Amino acid sequence: MNVIYPLAVPKGRRLCCEVCEAPAQRVCAACTVTYYCVVHQRADWGSIHEKICQLLIPLRTSMPFYNSEEERQHGLQQLQQRQKHLIEFCYTVAQKYLFEGKYEDAVPAALHSLRFRKNVHGLSSVELVPAYLLLAEASLGLGRIVQAEEYLSQAQWTVLKSTECSYATHSLLHRNLGLLCMAKENSEEARYHLANDIYFSSCAFGTEDIRTSGGYFHLANIFYGLNKLDLADTLYTKVSEIWNKYLNNHYQVLSQARIQQIDLLGKQFETDTGLDEAQEAEAIRILTSILNIRESTSDNAPQKTVFILKTLVMLYHLMMNPSKAKEYAMKAFSLAQEQQLSVHEQSAIQELLSLISAEEARSLTQ
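Model, not experiment: these values are computed from the prediction.

Conventions we followed
Residues numbered from 1 in each chain as written. Predicted model: local features only at pLDDT ≥ 70, side-chain atom pairs only at ≥ 80, totals over all residues. Heavy atoms only, no water. Helix = DSSP H or I, 4+ residues; strand = E, 2+ residues; numbered from the N terminus. Contact = heavy atoms within 4.5 Å. Areas by Shrake-Rupley, 256 points an atom, 1.4 Å probe, with all protein chains shown as cover. Lys, Arg positive; Asp, Glu negative; His and termini not counted. Charge placed at Lys NZ, Arg CZ, Asp CG, Glu CD. Phe/Tyr/Trp six-rings, centres within 6.5 Å; stacked < 30°, edge-to-face > 60°. Buried < 20%, exposed > 50% of the residue type's maximum accessible area, 1.4 Å probe, protein only. 1 Å grid on protein atoms, 1.4 Å probe; cavity = no way out; pocket = protein on both sides within 12 Å on 5 of 7 lines; lining within 4 Å. Points joined across faces, edges and corners; volume = space filled by probe spheres on them. Nonpolar A, V, L, I, M, F, W, Y, C, P; charged D, E, K, R; others polar. Salt bridge = Lys/Arg side-chain N within 4 Å of Asp/Glu carboxyl O.

## Notes on the overall build of the protein
Then comes step 1: Along the backbone of the protein there are 14 helices and three strands.
Then comes step 2: Dimensions along the principal axes, computed over C-alpha positions, put the protein at roughly 80 × 55 × 40 Å.
Then comes step 3: Partitioning the contacts of the protein with sequence separation of at least 6, the portion at a separation of at least 24 is 58%.
Then comes step 4: In the form shown here, the protein has an accessible surface area of approximately 19,300 Å², with 51% of it arising from carbon and sulfur atoms.
Then comes step 5: Here the protein carries 34 positive and 40 negative side-chain charges, and the mean point of each set is 6 Å from the other.

## Some remarks on the packing of aromatic side chains
Then comes step 1: With the rule as written, the count across this model stands at six aromatic pairs.
Then comes step 2: Between Tyr199 and Phe200, the aromatic rings sit 5.2 Å apart at their centres with planes inclined by 70°, giving edge-to-face as the arrangement.
Then comes step 3: On the numbers, 5.7 Å between centres and 15° between planes, the contact of Tyr316 with Tyr328 is stacked. Here Tyr328 lies in helix 13 (residues 322–338) and Tyr316 lies in helix 12 (residues 302–318), a separation of 12 residues in the sequence. One exposure class covers both Tyr316 and Tyr328, and it is buried.

## Focus: the environment of Ala94
Then comes step 1: Relative to the helices and strands, Ala94 is located in helix 3 (residues 69–99).
Then comes step 2: Distance in space between the C-alpha atoms of Ala94 and Ser125 is 20 Å, their sequence separation being 31 residues.

## Some remarks on the environment of Glu327
Then comes step 1: Looking at the element boundaries, Glu327 is found in helix 13.
Then comes step 2: The exposure class assigned to Glu327 is partly exposed, which follows from its relative accessible area of 38%.
Then comes step 3: In this structure, the C-alpha to C-alpha distance between Glu327 and Ser201, residues 126 residues apart in sequence, is 34 Å.

## A look at the layout of surface pockets
Then comes step 1: Empty space within the largest pocket amounts to approximately 770 Å³.
Then comes step 2: Elements supplying a minimum of two residues to the lining of the largest pocket: helix 3, helix 5 (129–141), helix 7 (167–183), helix 9 (210–225) and helix 11 (277–296).
Then comes step 3: Here the lining of the largest pocket takes seven residues from helix 7, the largest share from any one element.
Then comes step 4: Of the residues assigned to the lining of the largest pocket, the class counts are 16 nonpolar, nine polar and 10 charged.

## A short note on the pattern of salt bridges
Then comes step 1: Counted according to the given criterion, the structure contains 15 salt bridges.
Then comes step 2: Here Arg60 and Glu18 are joined by a salt bridge, their closest N and O atoms 2.7 Å apart. Of this pair, Arg60 sits in helix 2 (residues 57–60) while Glu18 sits in the loop between strand 1 (2–3) and strand 2 (26–27), placing them 42 residues apart in sequence.
Then comes step 3: Among the residues examined, Arg60 registers a relative accessible area of 28% and is labelled partly exposed.
Then comes step 4: Lys324 is the partner of Glu327 in a salt bridge, and the nearest nitrogen-oxygen pair spans 3.6 Å. With a gap of three residues between them, Glu327 and Lys324 both fall in helix 13, about one helical turn apart.
Then comes step 5: Sharing partners across several salt bridges, the network here consists of Glu18, Arg60 and Arg115.

Shown next, in the form of structure tokens:
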């Protein structure tokens, strides 16, 4: 990290911190195009800058001289494609941090996504809304209610001005408004927004889609907090079934593909969840939260606890984390035996355990 000498800065040029926009006093020594105040370089590096440092150089330096208009247009298109790639990459990274509860780390990544969105789409585009919502959720996680309200107001105003706002964006907006109301302990208003979240998400993706499950999950949390346990249980079951169905379908497809690969090529087929990193983090957060609730009431409904444990087994198995998959499979098998669940249930868990152990042994021999 190099110190900026004021006399070396061209007259009339103002260098601002990448995170807080305060006057910059440092510059990244690796890319030399990113500036910071005295406190934010470490935070930005740990969050997102290390991942995109070299990608920023062509975006923040002067374009080369082109010999023709065709070359210039091609150069501009490449520049825009790089920015679009960084929009999605920074957004996914910020989402992952949010689902992992790393709210401080999410802020710089979300700010980068917002900045690139402004460069590509303009200052009033509805494409800015997802980044505003990430920043609002991070602010809520950090307990900065007023700041979260400011970001949500910007998002709401942008949506109101737009005539082309998608159902998915409306869904995200209402979900974050619901989370804000939950933080302010306004359960009635929170339920209103989360009901709208579920409606718009269902219009965009369907009622049984994993992207709709987040609305059901947050609504269940409200009912659980209000001690309306029957309603909460119904919604938690709905969320569990959505994720189980998705993961089981994906698991079956990959199982068939794995068999074909072994038959044809004599090697193991690589597992995959079909989810990006942020969605995997969301699945872990939602399913482990439901598991904690199920375990506190497992004496009343052990089969529901076993069901969520089996879902987590499939998730971690597809994520190629055999140790966690085995841990949850052992817990499911022990609970099934302890509660004397059906022989079919115990056999299904044993089959999962055998598969995990076999793949673990195969990976050690390769």
